[in-house]
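Tertiary structure, described
Residues per chain are reported as follows:
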Amino acid sequence: MKTNRRIALGVLTIAAAFLAGCGARHSDKEVYYLISANSALPYWQAAAAGFKQAAAQYKVTAKFVGPDGYDPQAELAELQKATAAKPAGILISVADIAVLQPGIDAAVNAGIPVITMDSDAVGSRRLYFIGTNNLQAGQLGGRRVIQKLGGKGNVVFFTISGQPNTEERLKGFMDVFASRPDIKIAEVDDIKGDPKMAFDKAQDLLVLTGPKKINAFICLDSASGKMVSDAIKRSNDTDRELLAWDINQDTLDGIKAGTIDATIVQKPFTMAYVGLKALDEVFHAPPAQLSKDYSADAFSPYPVFIDTGTELVDKSNVDLYIASAARETK
């Protein structure tokens, strides 16, 4: 009996030591930063929720920072502050490579793991990218526009020039449209992250008639879809197609009401959730060379790109996304 008791106590001691060791892996003193390009957008609030959920599971500290409006220089300042704090890792969306690459490289040189999400910085010393295959997403949107226009018409893009993800989306559309000479690109407008610019420009373009009439508006950012939709509604001209981006509630409502044809959906929650866990792994099992270009290593411990998925949402499946959004906001 005493022998059995000693064995039981021994097993409990080993189990307690094992659990203590597992618990010691994480600490709230481990701080991870998510740095966004425009933190006020619902898109980035969803990303922050995913980041914080992963942090809660690991019992580490998550900090979400970034300018309230599109401002690459302000984002760089937040990156520099985060680097100075010497966190366990940084997850960042790149508003402008030219502005942010030096800051990314400086963080990595300081021994801080950096992973990009949503918008990449190819050529920087970041470890890898988590997000959407934006080229394919643009191609998906391009095929939708061709279908809705019957292969013929004038289209206008609203974009953010210099931001890697929007540049890749635009290229995807252009690749698809290249085989359709009757699809004419009337304008590509840089709204500089300001949705009101999209509204004002759309109002100006909606008065064009005849051969110059704009048949489709394409929004490559998450905020301008609603604004362009509002402009179209004010014109009382429903003979236009509007393709939006992401799943803001206003965008989903617009699809349900028929003022927006469709939107291309990304997964910011997933990007940030996976991103924190990826940074945690790097922090606890760091590579011999943090600044190495692992994309050129056939035996790399890291991927080049983690694709979190893309889908087109229209009236056929919008109710699924509305229901999902309602569950998340409860």
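See the structure above.
Let me sum up the structure you'll find in this document. Source: prediction; values computed, not measured. (Residues numbered from 1 in each chain as written. Predicted model: local features only at pLDDT ≥ 70, side-chain atom pairs only at ≥ 80, totals over all residues. Heavy atoms only, no water.)

1. A word on the overall build of the chain
Let me state the cut-off plainly: A run of DSSP states H or I qualifies as a helix once it reaches four residues; a run of E qualifies as a strand once it reaches two. Both are numbered from the N-terminal end. When a residue's accessible area, from a 1.4 Å probe over protein chains only, is under 20% of the maximum for its type it is buried; when over 50% it is exposed; and in between it is partly exposed. Should any heavy atoms of two residues lie within 4.5 Å, those residues are counted as being in contact. Each accessible area is a Shrake-Rupley result for a 1.4 Å probe, and residues are judged covered by the shown protein chains and nothing else. Lys and Arg are tallied as positive, Asp and Glu as negative. Neither His nor the chain termini are counted. The location of each charge is read from NZ of Lys, CZ of Arg, CG of Asp or CD of Glu.
Helix and strand content of the chain: 11 helices and 12 strands. When its C-alpha atoms are laid out on the principal axes, the chain stretches across 95 × 45 × 35 Å. The proportion of buried residues among the 330 residues of the chain is 49%. Residue pairs in contact within the chain that sit at least 24 positions apart in sequence constitute 73% of those at least 6 positions apart. Surface exposure of the chain reaches about 15700 Å², of which carbon and sulfur atoms provide 55%. When the 36 basic and 38 acidic side-chain charges of the chain are each reduced to a single mean position, those positions are 7 Å apart.

2. Focus: the sheet that holds strand 2 (residues 61-65)
The condition that has to hold: Strands qualify as paired when DSSP identifies two bridges or more between them. Fitted lines through C-alpha atoms serve as axes, helices being fitted only where they are in contact, and the angles separating the N-to-C directions of these axes extend from 0 to 180 degrees.
Ordered by their spatial adjacency, six strands build an open sheet running 2-1-3-4-5-11, and the pairing between neighbours is parallel. A single partner strand is all that each edge strand has here, and the edge strands are strand 2 and strand 11 (305-307). Each strand axis lies, on average, 20 degrees off the axis of its neighbour in the sheet, ignoring direction. Pairing analysis gives five bridges linking strand 1 (residues 31-35) to strand 2, with the strands arranged parallel. Each bridged residue has a counterpart across the sheet, and for Tyr 32 the counterpart in strand 2 is Ala 62. Each of strand 3 (89-92) and strand 4 (114-117) touches helix 4 (residues 97-109); the most contacted strand, strand 4, lies at about 145 degrees to it. Each of strand 1, strand 2, strand 3, strand 4, strand 5 (129-131) and strand 11 touches helix 10 (residues 268-284); the most contacted strand, strand 3, lies at about 155 degrees to it.

3. A look at the packing of aromatic side chains
Two numbers describe a pair of aromatic rings. These are the distance of the centres and the angle of the planes. Quick note on the threshold: We call Phe, Tyr and Trp rings a pair once their centres come within 6.5 Å, taking the six-membered ring for Trp, and we label the pair stacked below 30 degrees between planes, edge-to-face above 60, and tilted otherwise.
Here the structure, examined in full by the defined rule, presents 11 aromatic pairs. A ring pair is formed by Tyr 32 and Phe 283, whose centres lie 6.5 Å apart and whose planes are at 85 degrees; its orientation type is edge-to-face. With Tyr 32 in strand 1 and Phe 283 in helix 10, this pair connects stretches of sequence that are 251 residues apart. Assessed through its relative accessible area of 37%, Phe 283 is described here as partly exposed.

4. Here's the deal with the packing of helix 3 (residues 72-84) against helix 4
Helix packing for two helices is described by the angle between their axes and how far apart those axes are. Spelled out, the test is: For classification purposes, angles smaller than 35 degrees are called roughly parallel, those larger than 145 roughly antiparallel, those between 65 and 115 roughly perpendicular, and all remaining angles oblique. Gly falls in the polar group here, along with every residue not listed as nonpolar (Ala, Val, Leu, Ile, Met, Phe, Trp, Tyr, Cys, Pro) or charged (Asp, Glu, Lys, Arg).
Packing of helix 3 against helix 4 brings their axes to within 9 Å, and their N-to-C directions diverge by 5 degrees. In terms of axis orientation, helix 3 runs roughly parallel to helix 4. Residues Pro 72, Gln 73, Glu 75, Leu 76, Leu 79 and Thr 83 of helix 3 touch helix 4, and the partners they reach there are Val 99, Leu 100, Gly 103, Ile 104 and Ala 107. The residue inventory of the contact of helix 3 with helix 4, partitioned by class, reads seven nonpolar, three polar and one charged.

5. Structural notes on the pattern of salt bridges
For side chains bearing opposite charge, pairing can occur when the charged atoms are close. How we decide: One side-chain nitrogen of Lys or Arg within 4 Å of one carboxyl oxygen of Asp or Glu is enough to make a salt bridge.
For the structure on display, the rule yields 14 salt bridges. With its nearest N and O atoms 2.8 Å apart, the salt bridge here joins Arg 126 to Asp 120. Bridged by salt links that share partners, the residues Arg 144, Lys 148, Asp 261 and Asp 314 form one connected network.

6. Examining the sheet that holds strand 10 (residues 262-265)
Ordered by their spatial adjacency, six strands build an open sheet running 7-6-8-9-10-12, and the pairing between neighbours is mixed. Bordering the open sheet on either side are strand 7 (183-190) and strand 12 (311-313), each of which pairs with just one other strand. The mean inter-strand angle of the sheet, taken between neighbouring strand axes irrespective of direction, is 20 degrees. Relative to strand 9 (residues 241-245), strand 8 (residues 216-219) is paired through three bridges, and the arrangement is parallel. Considered in strand 9, the bridge of Ala 216 is made with Glu 241. Running over the sheet, helix 5 (residues 134-149) touches strand 6 (153-159), strand 7, strand 8, strand 9, strand 10 and strand 12 and is turned about 165 degrees from strand 9.

7. Considerations on helix 2 (residues 42-58)
Convention followed: Take the residue count of a helix, subtract one, and multiply by 1.5 Å to get its expected span.
Taking 1.5 Å per residue, 17 residues should reach 24 Å; helix 2 reaches 25 Å between its end C-alpha atoms and fits that length. Where helix 2 is buried, its residues touch strand 1, strand 2, strand 3, strand 4 and helix 10. One or two steps after helix 2, the chain reaches Lys 59, where phi turns positive at roughly 60 degrees.

8. Focus: unusual backbone geometry
Although it is not a glycine, Asp 118 sits at a positive phi angle of roughly 70 degrees. Topologically, Asp 118 is positioned in the loop between strand 4 and strand 5. Since its relative accessible area comes to 5%, Asp 118 is described here as buried. Positive phi outside glycine occurs at Asp 246, with the angle close to 75 degrees.

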